[in-house]
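# Understanding the architecture of this molecule
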Protein chains: 2
Amino acid sequence: MTVLSVQEALSGKVAAGGEVSVRGWVRTRRDAKNGLSFIHISDGSCFHPIQAVLTDALPNYESEARRLTAGCAVIATGTLVPSQGKGQAFEIQATQLEVVGWVDDPETYPIQPKAHSLEFLREVAHLRPRTNLFGAVTRIRDCLAKAVHRYFHENGYFWISTPIITTSDAEGAGQMFRVSTLDMVNAPRLPDGSVDYSRDFFGKETFLTVSGQLNVEAYALSMSKVYTFGPTFRAEQSHTTRHLAEFWMVEPEIAFADLAELASVSEDFLKYLFRAVLNERADDMAFIAERVEKDAVDRLERFVNAPFERIEYSDAIELLRKADQSFEFPVEWGLDLQTEHERWLTEQHVGRPVVVTNYPEHIKAFYMRLNDDGKTVAAMDVLAPGIGEIIGGSQREERLDQLDTRMVQFGLDPAHYSWYRDFRRYGSVPHGGFGLGFERLVVYVCGLSNIRDAIAYPRAPGNAEY
Amino acid sequence: MTVLSVQEALSGKVAAGGEVSVRGWVRTRRDAKNGLSFIHISDGSCFHPIQAVLTDALPNYESEARRLTAGCAVIATGTLVPSQGKGQAFEIQATQLEVVGWVDDPETYPIQPKAHSLEFLREVAHLRPRTNLFGAVTRIRDCLAKAVHRYFHENGYFWISTPIITTSDAEGAGQMFRVSTLDMVNAPRLPDGSVDYSRDFFGKETFLTVSGQLNVEAYALSMSKVYTFGPTFRAEQSHTTRHLAEFWMVEPEIAFADLAELASVSEDFLKYLFRAVLNERADDMAFIAERVEKDAVDRLERFVNAPFERIEYSDAIELLRKADQSFEFPVEWGLDLQTEHERWLTEQHVGRPVVVTNYPEHIKAFYMRLNDDGKTVAAMDVLAPGIGEIIGGSQREERLDQLDTRMVQFGLDPAHYSWYRDFRRYGSVPHGGFGLGFERLVVYVCGLSNIRDAIAYPRAPGNAEY
């Protein structure tokens, strides 16, 4: 007897006529007539369930098979035979059926075989991967994550696990979560009344990281091509559907790279990820296109087949000013681009992804490299139709004197960043990188609109995330 | 002109006679005689640097080339020619040399071309990947991490990113880090004087996760084969060289798996990882064997070539009692095995890795499945020569009534774990998994003894980790 996953059974790993077992959870049961029933069994290994044909030749047909409900766990054993069912090359003529786990009170089982609202499913996150949609989202997210690591591996990058608990603030701004083991009621105090963090776990005040960028930069100046892929945190109360307090970020960093190379790598990288989904998760993407977002597959194909446009920020401002469209927010050199501007550029004007480069220096972070014009920095944002800004990056300021000047302009104390200044004293080279919010990517690929639907546990019991 | 990484140049990506550029940092400079110098350039892409031959035909030979010191960043351009050097198939006859970044005050540059103590290098973690040792460690760690994802991908597992910020304690014990945005000096209070966490960021008291296991279990009961690979945290002040406050853990979880299957998967998994290192990082492992741990390569080869032994805990106790060796800690049924016992079993008695199974129930966690004897649980530890316990796992208690009984015995409130109980009400199946501490694995493979040498930033400036 060969135990197969549903994916293996449906894809012909064993030839028709073979004796196999599959194990999983019942999606639906249909009784055709006296003595004949069909159940669909899913084990999460692929989008489609496999059908098992149950007859009254089974000793437990009346006592168990006809009592099966959605969610029951079964092992179906029998002969693999060709099936007429849609998406199902094979089905199982069961000669044995073992019910491994029943469903308590089937009436109240949350995952009934019907459509559920996304709001409801967030409240039963520990069960929602049993639905078609979240099974698909889980597999697509896995596919994207594996493709991230594979892309970097194939291109000579090394994965660096930068610190999660940190004393530095990579952005010079932004709310952070404090990490502490001090007693909140009676925290030790200094004479001036402030908290004595020298008595905290690490002997100083610590936070959850907002980005691994500064840390990974140093590794780029030893290993040339590196990346982080780990969780990052922002303690900003946001009630939009586009922000998470806890999210995974991909941050490659490349020595000797200029802005043009960063734009090329972004394009190559995103196309690689989307090609992986199109090739490896066609089953799930077909469902997404059918039920969630009609354009889901076509837009990925357009994305991978189109060259990205490059536009300078200054030119983008000119284009927006001449646009035959009125905007809510002002368009003026020196102001940041708003979502409406970004969407017009990528969706209306170009109709393809666009890399906007060389933004005014005062609207971007301190670590970005000042251009020779003294007014702009070597920053870039990748904008794409249907998603807006998907990647943000920059060449870093590798000249120590310029970095110090910018730190002071931004109100930062260079002494607090001594290690970050340090590797610019020792064989400093041009370098740069970019950041990709992983959940935003998942949400886009899956045609969803709420970023909480891209994480494993949105406000689930036992979990604080949202 | 073709720009190559050092790895590409040394491995013959371009044939001898080709014109190439390589970019990297100078390791050493040697002046042979007037008008001839050799520099070794490393870019982190592989263990060996490439040699560039510099002559006074270079216009900047006297003014720059002969002033190069360790750590200077250069671009060397010239002809790739066969080399007599050890480990170097090719070298570059430079026709052009660009110095991209000098070293400020070469006398005080921390990474001199000499041996450094590991203690010293931890203080300059942002520069230590420029050493032979930490370049090797970084590449080996990357190789192991990629192999983790690849193993699971090839075997049908999906990666789940379980929550980092959580309200539950997966172990029912262990110190946790609090995550909060409340003001430590004036935290809001309830009438009884305790902190009012309803006014904290998530509206309740939250911590950093100690394990993703409970969360990933639920996904196994939908997707069959899943795993986590992410950071976990323990707020235990440990002054050993074997513990970290922040570390990455790999936790696969498999539906329908019993203890025997878990032992087989552990064996298969570990051997896969070690094979990957032996095949893909032979350059770095040769250095480790030469300079750090003479047995480093041989012991990995023995590991992958030997079948793991299986021993029941009760039999292990008998063996230890009869052992021709005295132990510091008592050997008695019901007591946990100490490191000295584990080492005797795997190193002295068996001489190969051992999976010890079925431990007394009261020394193991509440979620482990009670065996029919009522005295032991279906737990396993994988022990290996030279490292001791490397994997710990168990079949989980899938029977709701037994789980509730054990929770109460362990002083846990089942109501606090309602979601964890929940998926045992809906198609519960036997399932289990194990945990592998990623940094312990890295330390072992690299022949090091201090776990802080397996992380990117041990007590580096700007980082609280240690």
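The preceding data block contains the structure.
Residues numbered from 1 in each chain as written. Chains lettered and ligands numbered in written order. Predicted model: local features only at pLDDT ≥ 70, side-chain atom pairs only at ≥ 80, totals over all residues. Heavy atoms only, no water.

### Some thoughts on the pairing of strand S11 (residues 225-233) of chain A
Residues and elements named next belong to chain A. By the criterion of burial, S11 is predominantly enclosed, with 8 of the 9 residues buried. Note that strand S7 (residues 158-159) and S11 share 2 bridges and pair parallel. Paired with Phe-158 across the two strands is Val-226, which belongs to S11. Pairing of S11 with strand S12 (residues 246-255), which is carried by 9 bridges, proceeds in the antiparallel orientation. The residue of S12 that forms the bridge with Gly-230 is Met-249. (Buried < 20%, exposed > 50% of the residue type's maximum accessible area, 1.4 Å probe, protein only. Helix = DSSP H or I, 4+ residues; strand = E, 2+ residues; numbered from the N terminus. Pairing = 2+ DSSP bridges.)

### Describing the relation of the copies chain A and chain B
In screw terms, the move from chain A to chain B is a rotation of 180° and a rise of 0.0 Å along the axis, fitting with an RMSD of 0.0 Å. Considering both components of the superposition, the chain copies are consistent with a two-fold axis. Distance from the rotation axis, computed per C-alpha, reaches its smallest value in chain A at Val179(A): 2.5 Å. Counting the interface residues of chain A, we find that 100% of their copies in chain B are interface residues as well, pointing to one common contact surface. (Least-squares fit on C-alpha atoms with pLDDT ≥ 70 in both. Contact = heavy atoms within 4.5 Å.)

### Let's talk about unusual backbone geometry
Backbone geometry places Asn358(A), a non-glycine residue, at a positive phi of 60°. Checked against the element boundaries, Asn358(A) lands in strand S14 (residues 354-360). Positive phi, close to 75°, is recorded for Ser224(B), a residue that is not glycine. Position of Ser224(B) relative to the elements: it lies in the loop between helix H4 (213-223) and strand S11 (225-233).

### Let's talk about the state of the cysteines
Put plainly, two cysteines are in a disulfide when a covalent bond ties their sulfur atoms together. On inspection of all chains with the given rule, the structure shows 0 disulfides over all chains. Free cysteine Cys46(A): the closest other cysteine sulfur is in Cys143(A), separated by 14 Å. What makes Cys46(A) buried here is its relative accessible area of 8%. Free of any disulfide, Cys143(B) has its nearest cysteine sulfur in Cys446(B), 10 Å distant. (Disulfide = S-S within 2.5 Å.)

Treat this as a map of the structure, not an account of what it does.
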